[in-house]
Amino acid sequence: MQTLDFTDFQKIELRIGTIIRTEAFPEARKPAYKLWVDLGELGIKKSSAQLTVRYQVHELVGKQVLCVCNLAPRQIGPFLSEILVTGFSDENGGIVLASVEAPVPNGARLH
């Protein structure tokens with residue numbers, strides 16, 4: 001594992017947002033959903049996320065998720081992904097979303 005200086009960590013914008021809209025993403029090479037995430041003062045940002053193993057598209061709306069907000073946007077087929085929604089792999093390779101244990105304001109930064 002590579003170590004980072006604390007100033008390097010401070011450059012990463014890790015913020016909480018609420019998923020407000022979801023769609024299937026059949027054009028993606030790997031099974032994925034299109035997500036729209038409300039990040040408060042940063043606005044609504046889009047993300048392509050491979051969450052299909054553990055989540056149904058309709059059950060994601062309203063979930064708060066931890067996002068990396070300052071990566072360069074990535075074109076995923078016909079969809080521009082503006083943020084990275086984070087999660088952890090479970091024992092079967094499904095992604096479990098990284099979230100918070102209690103609601104916090106959208107756009108709040110991880111300390």
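Looking at an unreviewed UniProt entry, one finds the chain named Putative tRNA-binding chaperone, with Nitritalea halalkaliphila LW7 as its source organism.

So, about the pairing of strand β4 (residues 64-68). With 5 of 5 residues buried, β4 is to be regarded as a mostly interior element. Judged by which residues are buried, β4 turns out to be covered on both faces: Gln64, Leu66 and Val68 on one side and Val65 and Cys67 on the other are all buried. In the sheet, strand β1 (residues 14-24) pairs with β4 via 5 bridges, with the strands oriented antiparallel. Residue pairing for β4: arginine 15 is matched across the bridge by cysteine 67. Bridge count for β4 against strand β7 (residues 84-85) is 2 bridges, and the pairing is antiparallel. The partner of cysteine 67 across the bridge, within β7, is valine 85.

Analysis parameters
- Residues numbered from 1 in each chain as written.
- Predicted model: local features only at pLDDT ≥ 70, side-chain atom pairs only at ≥ 80, totals over all residues.
- Heavy atoms only, no water.
- Buried < 20%, exposed > 50% of the residue type's maximum accessible area, 1.4 Å probe, protein only.
- Helix = DSSP H or I, 4+ residues; strand = E, 2+ residues; numbered from the N terminus.
- Pairing = 2+ DSSP bridges.

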